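Structural overview for review
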Amino acid sequence: MNSFCKVPLILLLAFFLFSCGDEDEATISPITAPQTPTINDPTPGCFANYAGNPVLESQDVQWDGVFDIDEDSSVDHWTPRWADPHVLKIGTKMVMFVSASDDFPSAADPPDPDIRLYRLESNDGISWTPNPNTPVFKRSSTPSDWDSSGTETPAVIEFQGKLHLFYTGYDEGFAASLRYRVGHATSTDEGITWTRDGNNPILSPTGVFLDFNESIVGEPAPVIHNNQLYLYFTAVGANLGVSTTLQVIGLTKTVLDISGDWDGQTWTSPVSVLEPDQSIYPRGDDWYGYTTPGAVEIEGKIHLYVSVVNDNPSWEMIHIHHVSSPDGENNWMQDSTYTFTKGDFPWINNGIHSPNPYIDGSLLMLIFLVMISGALERLALVMLAVILLNKK
């Protein structure tokens, strides 16, 4: 379920330029919204790639030594390996939080690349600038802490003027997924400095046989719905229905106090809310499950975009799939086919993942990563803007 792989990553921008259902094809330009739209269900056929892809690659920017992962290094600059984008609107800016490292382990490398979180800004979703040129969140400096080895998969929401960060942390190397936990932190300065929650980690594996979250939890996806914070996450455990392990989407919730601050301390017991439709992704055909969820509320309905993993011949995120629920917990409708597959981009050969749905006015954008093989790790961010029109 770890979204970091030793393969190059590229940052893309794709836009949904066509209306859904029976509406006429839209002719507006990317980032331009219709005048009086209403939001309805996006479907796979609604999306088309932005012609300017990719909009950002890691080699587009090299930062000076203060941005170096190895703070004792003599290296003057480095090319980041980005992953796990999450975008939200802060004032008039689009702000993206990403995981990044300057290296990933190989036989000749140290086993722990120290993955940190960074912050970038954009006025249009196409041009991105780091702000600041240093990590905004990193592993704990206390060796015994649960997140002393790395922090990744950031997901950020705003509530009552405060930002809330949810992230995956661990106390061993990033490949040690059995050590994953989910943590929470807050910021009052637009995500530049963060304070860890004293109750961390807020999610951990149970270690109980047949629990859906027995072995692994991580990759949080928060969304505000019905005055509650719904926190979706990836989980792995033994599953009687498929007679082996299955990667599913779990949920925990907390009530928001709209009259005051929220400390995020009281959470419901985690439950499994979404398993892959076995008629579409049968476990017997090596479909391992769903991972890296992204959540958004549209007209009272919860929409999730997830990566779909196949582990034959090796573990790889092949599709992005869309599901929706009227209440975020039950009666999930899973699209009959994927929204995107890695084959939709001919220059991608190594996976597609980390979808982040983001609403900006009358547009729904889907931001995600693609990975390619080559000499450099490059972040691939595809942004898809959906024209929000009613179906007839």
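Reading the values: rules and limits
Residues numbered from 1 in each chain as written. Predicted model: local features only at pLDDT ≥ 70, side-chain atom pairs only at ≥ 80, totals over all residues. Heavy atoms only, no water. Phe/Tyr/Trp six-rings, centres within 6.5 Å; stacked < 30°, edge-to-face > 60°. Helix = DSSP H or I, 4+ residues; strand = E, 2+ residues; numbered from the N terminus. Pairing = 2+ DSSP bridges. pLDDT = per-residue confidence, 0-100. Contact = heavy atoms within 4.5 Å. Polar contact = N/O pair within 3.5 Å; in protein donor to acceptor, adjacent residues only side chain to side chain. Patch = residues over 30% accessible without salt bridge, like charges linked within 9 Å, V, L, I, M, F, W, Y side chains within 5 Å. Areas by Shrake-Rupley, 256 points an atom, 1.4 Å probe, with all protein chains shown as cover. Salt bridge = Lys/Arg side-chain N within 4 Å of Asp/Glu carboxyl O. Buried < 20%, exposed > 50% of the residue type's maximum accessible area, 1.4 Å probe, protein only.

Let's shift gears to the packing of aromatic side chains. Per the counting criterion, the structure on display carries eleven aromatic pairs. Consider the rings of Phe340 and Phe368, whose centres lie 5.3 Å apart with planes at 40 degrees: the pair is tilted. With Phe340 in strand E21 (residues 340-341) and Phe368 in strand E23 (residues 363-371), this residue pair connects regions lying 28 residues apart in the sequence.

A word on the sheet that holds strand E9 (residues 150-159). The sheet built from four strands is open, its strands ordered E9-E10-E11-E12 with antiparallel pairing. Edge positions in the sheet fall to E9 and strand E12 (195-196), since each of these pairs with one other strand and no more. Here strand E11 (residues 181-187) pairs with E12 via two bridges, running antiparallel. Paired with Ala185 across the bridge in E12 is Arg196.

Model confidence for the chain is summarised by a mean pLDDT of 78, while 68% of its residues fall at 70 or above. Looking across the chain, the model is least confident in strand E24 (residues 382-387), with a mean pLDDT of 42, and most confident in strand E16 (residues 271-274), with 98. Below pLDDT 50 for its whole length, residues 63-78 participates in 41 contacts with residues either more than four positions away or in separate chains. Here residues 374-392 is modelled with pLDDT under 50, and outside its nearest four sequence neighbours on either side it reaches 122 contacts, counting other chains as well.

Topologically, Thr291 is positioned in strand E17 (residues 287-298). One polar contact links Thr291 to Gln247, side chain to side chain, over a distance of 3.0 Å.

Together, Phe209, Leu210 and Leu240 line one region of the surface with nonpolar side chains, adding up to about 360 Å² of accessible area. Relative accessible area serves as the criterion here: at 68%, Leu240 is assigned to the exposed category.

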